[in-house]
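Each chain, written out:
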Amino acid sequence: MNTYDAIKKRHSARSYTDRQIEKNDLEKILLAGGMAAVGMGAYDSMKFTVIQNKDLLTEIDNVAGAGKNHPLYGAPTLILLSAKELRLPNIEYSNAGCVIQNMMIMAADLEIDNIYLWGAAMAVKNNPELKAKLNIPEDYHPIASIALGYSDKDRDKVKEEVMKITAEYFL
Ligand SMILES: Cc1cc2nc3c(=O)[nH]c(=O)nc-3n(C[C@H](O)[C@H](O)[C@H](O)COP(=O)(O)O)c2cc1C
């Protein structure tokens, strides 16, 4: 798939089947994330946690949804991105955007459904017990996550070619 087609194909999937993604696809998606632009090249300030264990996924879903909804949408894989605070305040959140975007585009290219999940990452961040259970070091904070799997809805959704962000030109 060319880059533009992968960008058009990326969309947030909010309903998943139990079908797990292949290990080699998971590795490609992690690699794509790890090749993102990162401020000051601080790659060692970030850490991925891959969760496919059903009990842990359910626990994160319960904590994040507070029993009211299912913020992981039943996805069988969650990649949590944690980061250390850096000298430039908040730069880790920009880094996370680049890393997760690379992963979403790679997943779209592999025809794997996905969604950027902020809520799930914040739920783990605010729950020290769960953070410890996931072996996230104390000086790393969950800052973003991406859910991956195969949706049973809108599998073939492709973005229309429209600009959603307005542009003002000074030519
Ligand atoms: C930083 C960020 C955080 C997001 N967090 C969530 C989330 O916690 N839950 C959710 O359902 N969608 C989340 N989304 C998905 C957006 O709602 C979605 O990208 C947006 O509505 C555009 O739709 P599209 O992804 O299908 O193009 C997040 C997206 C971004 C970029």
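Relevant structure appears above.
Calculation rules
- Residues numbered from 1 in each chain as written.
- Predicted model: local features only at pLDDT ≥ 70, side-chain atom pairs only at ≥ 80, totals over all residues.
- Helix = DSSP H or I, 4+ residues; strand = E, 2+ residues; numbered from the N terminus.
- Rg over C-alpha atoms; globule rule 2.2 N^0.38 Å.
- Buried ≥ 20, exposed ≤ 12 C-beta atoms within 10 Å, placed from the backbone.
- Near = placed C-beta within 6 Å.
- Nonpolar A, V, L, I, M, F, W, Y, C, P; charged D, E, K, R; others polar.
- Axes fitted to C-alpha atoms, helices over the stretch in contact; angles between N-to-C directions.
- Parallel < 35°, antiparallel > 145°, perpendicular 65-115°, else oblique.
- Contact = placed C-beta atoms within 7 Å.
- Pairing = 2+ DSSP bridges.
- Core = buried A, V, L, I, M, F, W, Y, C linked by C-beta atoms within 7 Å.

Asker: I'm lost on the overall build of the chain in this one. Help?
Answerer: Per the secondary structure count, the chain includes six helices and four strands. Each helix and strand of the chain, ordered N terminal to C terminal, gives the series α-α-β-α-β-α-β-α-α-β. In summary, the chain has a C-alpha radius of gyration of 16 Å against a globular reference of 16 Å for 171 residues, a match within 12%. Referenced to the eigenvectors of the C-alpha coordinate spread, the extents of the chain come out at roughly 50 × 40 × 30 Å. Residues classed as buried in the chain amount to 30% of the 171 residues present.

Asker: In this structure, what is going on with the site of the ligand? I would like to understand it.
Answerer: Inspection of the region around the ligand gives H11, S12, I115, Y116, L117, W118 and G119 as its neighbouring residues. Those elements that place two or more of their residues in the shell around the ligand are β3 (113-116) and α5 (118-125). Of the residues assigned to the shell around the ligand, the class counts are four nonpolar, three polar and no charged.

Asker: Can you help me understand the packing of helix α3 (residues 54-65) against α5 in this one?
Answerer: Helix packing for two helices is described by the angle between their axes and how far apart those axes are. Orientation of α3 relative to α5, taken along the N-to-C sense of each, is 95 degrees, at an axis distance of 9 Å. One element, α3, and the other, α5, form an angle in the roughly perpendicular class. Of the residues in α5, those in contact with I60, V63 and A64 of α3 are G119, A120, A123 and V124. A class-by-class count of the residues in the contact of α3 with α5 yields six nonpolar, one polar and no charged.

Asker: Please clarify how the sheet that holds β3 should be interpreted in this entry.
Answerer: Note: strands within a sheet are paired through backbone hydrogen bonds, in either parallel or antiparallel orientation. Spatial ordering of the open sheet is given by β1-β2-β4-β3, a layout of four strands whose pairing is antiparallel. Strands with a single pairing partner mark the edges of an open sheet, and in this sheet they are β1 (46-51) and β3. Averaged over all pairs of adjacent strands, the angle between their axes in this sheet comes to 20 degrees, without regard to strand direction.

Asker: What is the right way to read unusual backbone geometry from this model?
Answerer: Glycine aside, a negative phi is what most residues show, and trans is what most peptide bonds show. Here the phi dihedral of M40 falls at roughly 60 degrees; this positive angle occurs in a residue that is not glycine. With respect to the helices and strands, M40 occurs in the loop between α2 (23-34) and β1. With a phi angle near 60 degrees, E111 is a residue other than glycine that sits in the positive phi range. Looking at the secondary structure, you find E111 in the loop between α4 (91-109) and β3. Judged by C-beta crowding, with 13 C-beta atoms within 10 Å, E111 ranks as partly exposed.

Asker: How should I be thinking about the nonpolar core in this particular structure?
Answerer: General note: in soluble globular proteins, nonpolar side chains tend to be found buried as a group. Membership of the largest hydrophobic core comes to 35 residues, with the highest contact counts inside it found for L78, L81 and A120. Going through the elements one at a time, β1, α3, β2 (77-83), α4, α5 and β4 (141-149) are the ones with two or more residues in this core. Among the elements that make up this core, the one with the highest residue count is α4 (eight residues). When sequence neighbours within four positions are dropped, the list of residues in contact with L78 reads I51, L57, I60, L72, A120, S145 and A147.

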